[in-house]
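# Working through the structure, step by step
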Amino acid sequence: MNDDTKQKNRKLVRNLVLIAVGMFGFGYVLVPIYDVFCDITGLNGKTASVAAAETAREVDESREVTVEFVTSLNQAAPMEFRAETYKMKVHPGQYYTVNFYAENLTDKPMIARAIPSITPGQAAEFFTKTQCFCFDEQSFEAHESKTMPVRFVVDPKLPEKYKTITLAYTFFDNTELSVKKQK
(Lines give C-alpha, C1' and ligand atoms only; values in the text may rest on other atoms or scores of the structure.)
Protein backbone atom coordinates (compact mmCIF):
# COMPACT_ATOMS: atom_id res chain seq x y z
CA MET A 1 0.00 0.00 0.00
CA ASN A 2 1.24 3.41 -0.81
CA ASP A 3 1.16 6.40 1.54
CA ASP A 4 -1.79 8.00 -0.26
CA THR A 5 -3.99 4.91 0.29
CA LYS A 6 -2.95 4.66 3.95
CA GLN A 7 -3.83 8.32 4.48
CA LYS A 8 -7.26 7.82 2.84
CA ASN A 9 -7.91 4.76 5.02
CA ARG A 10 -6.99 6.65 8.21
CA LYS A 11 -9.30 9.50 7.21
CA LEU A 12 -12.14 7.02 6.53
CA VAL A 13 -11.65 5.27 9.90
CA ARG A 14 -11.54 8.64 11.71
CA ASN A 15 -14.77 9.75 9.99
CA LEU A 16 -16.52 6.46 10.82
CA VAL A 17 -15.48 6.75 14.49
CA LEU A 18 -16.74 10.34 14.61
CA ILE A 19 -20.06 9.25 13.08
CA ALA A 20 -20.41 6.42 15.62
CA VAL A 21 -19.62 8.77 18.54
CA GLY A 22 -22.08 11.34 17.14
CA MET A 23 -24.82 8.70 16.85
CA PHE A 24 -24.21 7.56 20.43
CA GLY A 25 -24.33 11.17 21.67
CA PHE A 26 -27.55 11.85 19.76
CA GLY A 27 -29.16 8.71 21.23
CA TYR A 28 -28.03 9.75 24.69
CA VAL A 29 -29.67 13.20 24.50
CA LEU A 30 -32.91 11.95 22.88
CA VAL A 31 -34.54 11.09 26.22
CA PRO A 32 -34.23 14.59 27.72
CA ILE A 33 -35.23 16.15 24.38
CA TYR A 34 -38.27 13.85 24.21
CA ASP A 35 -39.25 14.76 27.80
CA VAL A 36 -39.07 18.47 27.00
CA PHE A 37 -41.05 17.96 23.79
CA CYS A 38 -43.74 15.99 25.68
CA ASP A 39 -43.89 18.61 28.44
CA ILE A 40 -44.47 21.32 25.85
CA THR A 41 -46.98 19.46 23.69
CA GLY A 42 -48.71 17.25 26.26
CA LEU A 43 -48.05 14.17 24.14
CA ASN A 44 -47.59 10.79 25.76
CA GLY A 45 -49.47 11.83 28.85
CA LYS A 46 -47.03 14.41 30.10
CA THR A 47 -49.62 16.38 32.01
CA ALA A 48 -49.92 18.00 35.41
CA SER A 49 -51.20 14.73 36.83
CA VAL A 50 -48.74 13.23 39.26
CA ALA A 51 -51.31 12.09 41.83
CA ALA A 52 -51.94 15.67 42.85
CA ALA A 53 -53.96 16.31 45.96
CA GLU A 54 -57.32 17.90 45.43
CA THR A 55 -57.14 21.56 46.27
CA ALA A 56 -60.02 23.97 46.46
CA ARG A 57 -60.37 25.93 43.24
CA GLU A 58 -62.76 28.61 42.23
CA VAL A 59 -65.32 26.99 39.93
CA ASP A 60 -66.15 28.93 36.78
CA GLU A 61 -69.84 28.08 36.39
CA SER A 62 -70.24 30.59 33.56
CA ARG A 63 -68.07 28.44 31.30
CA GLU A 64 -68.28 24.89 29.99
CA VAL A 65 -65.52 22.83 28.42
CA THR A 66 -66.24 19.56 26.63
CA VAL A 67 -63.97 16.69 27.70
CA GLU A 68 -63.89 13.70 25.36
CA PHE A 69 -62.61 10.27 26.42
CA VAL A 70 -60.98 8.07 23.77
CA THR A 71 -59.62 4.57 24.30
CA SER A 72 -57.48 2.29 22.18
CA LEU A 73 -55.53 -0.90 22.58
CA ASN A 74 -52.05 -1.70 21.47
CA GLN A 75 -52.43 -4.42 18.87
CA ALA A 76 -50.74 -6.92 21.21
CA ALA A 77 -53.13 -6.27 24.13
CA PRO A 78 -55.82 -9.00 24.24
CA MET A 79 -58.30 -6.86 26.17
CA GLU A 80 -61.54 -5.02 25.98
CA PHE A 81 -61.16 -1.38 26.98
CA ARG A 82 -63.61 1.51 26.84
CA ALA A 83 -64.75 4.66 28.58
CA GLU A 84 -68.11 4.39 30.29
CA THR A 85 -68.69 8.05 29.39
CA TYR A 86 -67.50 9.22 25.99
CA LYS A 87 -68.02 12.95 26.42
CA MET A 88 -69.00 15.34 29.19
CA LYS A 89 -69.34 19.06 29.73
CA VAL A 90 -67.40 20.35 32.74
CA HIS A 91 -67.05 23.62 34.59
CA PRO A 92 -63.38 24.59 35.01
CA GLY A 93 -62.34 24.32 38.66
CA GLN A 94 -64.82 21.57 39.55
CA TYR A 95 -63.64 17.99 40.12
CA TYR A 96 -65.21 15.16 38.13
CA THR A 97 -64.91 11.38 38.08
CA VAL A 98 -65.31 9.22 34.99
CA ASN A 99 -65.02 5.42 34.84
CA PHE A 100 -63.25 3.20 32.35
CA TYR A 101 -63.90 -0.50 31.82
CA ALA A 102 -61.17 -3.04 31.04
CA GLU A 103 -61.32 -6.81 30.72
CA ASN A 104 -58.61 -9.43 30.21
CA LEU A 105 -59.85 -11.64 27.35
CA THR A 106 -57.23 -14.36 27.90
CA ASP A 107 -57.03 -17.49 30.03
CA LYS A 108 -53.86 -16.19 31.71
CA PRO A 109 -53.10 -13.41 34.18
CA MET A 110 -52.00 -10.18 32.55
CA ILE A 111 -50.28 -6.96 33.57
CA ALA A 112 -51.28 -3.93 31.53
CA ARG A 113 -50.36 -0.26 31.45
CA ALA A 114 -52.41 2.65 30.16
CA ILE A 115 -50.56 5.56 28.59
CA PRO A 116 -52.53 8.83 28.54
CA SER A 117 -52.31 11.78 26.21
CA ILE A 118 -54.17 15.07 26.00
CA THR A 119 -55.09 17.07 22.92
CA PRO A 120 -54.69 19.82 22.15
CA GLY A 121 -51.24 19.51 23.68
CA GLN A 122 -51.22 23.09 24.96
CA ALA A 123 -54.25 22.30 27.14
CA ALA A 124 -52.39 19.51 28.96
CA GLU A 125 -50.91 21.86 31.56
CA PHE A 126 -54.47 22.88 32.54
CA PHE A 127 -55.74 19.31 32.99
CA THR A 128 -54.93 17.64 36.33
CA LYS A 129 -55.69 14.04 37.28
CA THR A 130 -55.80 13.37 41.03
CA GLN A 131 -56.70 9.69 40.65
CA CYS A 132 -55.98 7.54 37.61
CA PHE A 133 -55.48 3.89 36.74
CA CYS A 134 -52.69 5.13 34.47
CA PHE A 135 -50.48 5.98 37.47
CA ASP A 136 -49.68 2.27 38.00
CA GLU A 137 -49.63 -1.00 36.10
CA GLN A 138 -52.90 -2.90 36.36
CA SER A 139 -52.98 -6.62 37.17
CA PHE A 140 -55.77 -8.74 35.72
CA GLU A 141 -56.51 -12.36 36.47
CA ALA A 142 -57.78 -14.55 33.60
CA HIS A 143 -61.04 -13.05 32.26
CA GLU A 144 -61.12 -10.47 35.06
CA SER A 145 -62.83 -7.16 34.39
CA LYS A 146 -62.39 -3.89 36.26
CA THR A 147 -64.06 -0.53 36.48
CA MET A 148 -61.31 2.03 36.90
CA PRO A 149 -61.99 5.65 37.89
CA VAL A 150 -60.22 8.79 36.77
CA ARG A 151 -60.70 11.91 38.88
CA PHE A 152 -59.76 15.17 37.19
CA VAL A 153 -60.18 18.92 37.10
CA VAL A 154 -59.74 21.48 34.34
CA ASP A 155 -57.93 24.57 35.60
CA PRO A 156 -60.03 27.75 35.34
CA LYS A 157 -56.94 29.41 33.83
CA LEU A 158 -57.46 27.35 30.66
CA PRO A 159 -57.47 29.88 27.81
CA GLU A 160 -60.94 30.64 26.41
CA LYS A 161 -59.96 29.41 22.95
CA TYR A 162 -60.00 25.78 24.17
CA LYS A 163 -63.58 24.51 24.03
CA THR A 164 -62.80 20.79 23.80
CA ILE A 165 -60.13 18.66 25.45
CA THR A 166 -59.59 15.02 24.51
CA LEU A 167 -58.16 12.60 27.08
CA ALA A 168 -56.96 9.49 25.27
CA TYR A 169 -55.62 6.25 26.74
CA THR A 170 -53.84 3.39 25.02
CA PHE A 171 -53.57 0.14 26.98
CA PHE A 172 -50.45 -2.00 26.50
CA ASP A 173 -49.92 -5.61 27.59
CA ASN A 174 -46.81 -5.39 29.83
CA THR A 175 -46.93 -8.97 31.15
CA GLU A 176 -43.65 -10.13 29.58
CA LEU A 177 -41.87 -6.87 30.39
CA SER A 178 -42.98 -6.99 34.06
CA VAL A 179 -41.91 -10.64 34.39
CA LYS A 180 -38.45 -9.77 33.00
CA LYS A 181 -38.11 -6.87 35.49
CA GLN A 182 -38.83 -9.21 38.42
CA LYS A 183 -36.08 -11.66 37.42
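Computed from a predicted model, the values in this text were never measured in an experiment. Numbers given to residues run from 1 along each chain, matching the order in which its sequence is written. Where totals are concerned, whole chains, interfaces and linings use all residues; where local detail is concerned, this predicted model gives features only for residues with pLDDT of at least 70, and gives and counts side-chain atom pairs only at 80 or more. With hydrogens and water excluded, all non-hydrogen atoms of the structure serve as input to the side-chain values.

Glancing now at the side chain of Asp155. Here Asp155 shows up in the loop between β8 (145–154) and β9 (164–173). In this description, contact between two residues means that some pair of their heavy atoms is separated by no more than 4.5 Å. Here Asp155 is in contact with Arg57, Pro92 and Phe126, once residues within four sequence places are set aside. Helix and strand definitions follow DSSP, with helices as H or I runs of at least four residues and strands as E runs of at least two, each counted in order from the N terminus.

In this section: unusual backbone geometry. The omega torsion of the bond from Thr119 to Pro120 falls at -5 degrees, within 30 degrees of zero and hence cis. When you line up the elements, Pro120 lands in the loop between β5 (110–119) and β6 (127–131). Its identity is not glycine, yet His143 carries a phi of approximately 60 degrees, on the positive side. Tracing the chain through its elements places His143 in the loop between β7 (138–140) and β8.

Before going further, it helps to examine the state of the cysteines. The disulfide criterion is simple: two cysteine sulfur atoms within 2.5 Å. Taken as a whole and assessed by the stated rule, the structure comprises one disulfide. Covalently, Cys132 is tied to Cys134 through a disulfide, its sulfur atoms 2.4 Å apart. Residues Cys132 and Cys134 are joined through a disulfide that is right-handed, its torsion about the S-S bond being 130 degrees. Judged by relative accessible area, which is 7%, Cys134 ranks as buried. A 1.4 Å probe rolled over the protein chains alone gives each residue an accessible area, and that area as a share of the maximum for its type sets the label: buried under 20%, exposed over 50%, partly exposed in between.

Residue alternation in strand β2 (residues 79–83) divides its side chains into a buried set, Met79, Phe81 and Ala83, and an unburied set, Glu80 and Arg82. Relative to strand β4 (residues 95–104), β2 runs antiparallel, the two sharing five bridges. Considered in β4, the bridge of Met79 is made with Asn104. We treat two strands as partners when DSSP finds at least two bridges between them.

Salt bridge, as used here, is a side-chain nitrogen of Lys or Arg placed within 4 Å of a carboxyl oxygen of Asp or Glu. A full pass over the atoms with the stated rule returns three salt bridges. For the salt bridge of Lys8 with Asp4, the shortest nitrogen-to-oxygen distance reads 3.8 Å. In this pair, Lys8 and Asp4 are both assigned in helix α1 (residues 3–41), four residues apart and thus about one turn of the helix distant.

With antiparallel pairing, four strands are arranged side by side in an open sheet as β2-β4-β8-β6. Every interior strand has two partners, whereas the edge strands, β2 and β6, have only one. Ignoring which end each strand starts from, the neighbouring axes of this sheet average 30 degrees apart. To obtain an axis, a line is fitted to C-alpha atoms, over the contacting stretch when the element is a helix, and the angle between two such axes runs from 0 to 180 degrees between their N-to-C directions.

We define a nonpolar core as any set of buried Ala, Val, Leu, Ile, Met, Phe, Trp, Tyr and Cys residues linked to one another through side-chain atoms lying within 4.5 Å. Membership of the largest hydrophobic core comes to 35 residues, with the highest contact counts inside it found for Phe69, Phe100, Phe133, Phe152, Tyr169 and Phe171. Mapped by element, the contributors of at least two residues to this core are β1 (65–73), β2, β3 (87–90), β4, β5, β8 and β9.

Taken across its 10 residues, β4 has eight buried, putting it largely inside the fold. By the bridge criterion, nine bridges tie β4 to β8 in an arrangement that is antiparallel. Within the sheet, the bridge partner assigned to Phe100 lies in β8 and is Met148.

Next up on the list: the sheet that holds β9. Backbone hydrogen bonds are what pair the strands of a sheet, in a parallel or an antiparallel way. One open sheet accounts for five strands, arranged β3-β1-β9-β5-β7; its pairing is mixed. Of all strands in the sheet, those with a lone pairing partner are β3 and β7, marking the two edges. Strand-to-strand, the axes of this sheet are offset by a mean angle of 30 degrees, without reference to chain direction.

Turning our eyes to something else, we now look at the confidence of the model for the protein. What pLDDT conveys is the predictor's confidence in a given residue, as a value from 0 to 100. With 84% of its residues at a pLDDT of 70 or more, the protein shows a mean pLDDT of 84. Here helix α2 (residues 175–182) stands out as the least confident element of the protein, with mean pLDDT 58; β3 is the most confident, with 95. Note on residues 47–51: pLDDT under 50 across the span, and 14 contacts to partners over four residues away in sequence or across chains.

With respect to the helices and strands, Phe152 occurs in strand β8. Given a relative accessible area of 0%, Phe152 falls into the buried group. Considered as a pair, Phe152 and Lys129 are 23 residues apart in the sequence and their alpha carbons are 4.2 Å apart.

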